[in-house]
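# Tertiary structure, described
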Amino acid sequence: VENGKAHEKSDKDIKNEIQAIIRQITASVTFLPLLEESCTFDMLAYTDKESDVPLEWEESDAKLIQNSAHVKLRSFSTKVHQVDTMVAYKQEEDGI
């Protein structure tokens, strides 16, 4: 926000920020634990109650992981949304 007005970003700038997050996720294999077996991922989107969301989305409580570690990834914003990204995973007993 500059002088009371939201900073306008071009579609190209927004796409570049999304690509940077994808590159960061891909590079995270160097420090996230190796998955030896099949697993599932929960993707959570925290929105305001008044937000329009796709019909395929369902309401859910937080998916908390016992004994977890968190890795914060890049954030980006569009003209309308702020997107923060993070990976949470269960730590093994020996620390990772």
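Residues numbered from 1 in each chain as written. Predicted model: local features only at pLDDT ≥ 70, side-chain atom pairs only at ≥ 80, totals over all residues. Heavy atoms only, no water.

Looking now at the overall build of the chain. When helices and strands are counted, the chain shows 1 helix and 2 strands. N-terminal to C-terminal, the α/β element order of the chain is α-β-β. Expressed as a percentage of the 96 residues in the chain, the buried residues total 11%. A total of about 9,100 Å² of accessible surface is found on the chain, and carbon and sulfur atoms cover 52% of it. (Helix = DSSP H or I, 4+ residues; strand = E, 2+ residues; numbered from the N terminus. Buried < 20%, exposed > 50% of the residue type's maximum accessible area, 1.4 Å probe, protein only. Areas by Shrake-Rupley, 256 points an atom, 1.4 Å probe, with all protein chains shown as cover.)

Here we take up the environment of Ile14. The topology assignment puts Ile14 in helix H1 (residues 11-27). The buried category is assigned to Ile14, whose relative accessible area is 12%. Note: C-alpha distance between Ile14 and Phe76 (62 residues apart in sequence) is 7.7 Å. In this structure Ile14 touches Lys9, Phe76, Ser77, Thr78 and Lys79, once residues within four positions along its chain are discounted. (Contact = heavy atoms within 4.5 Å.)

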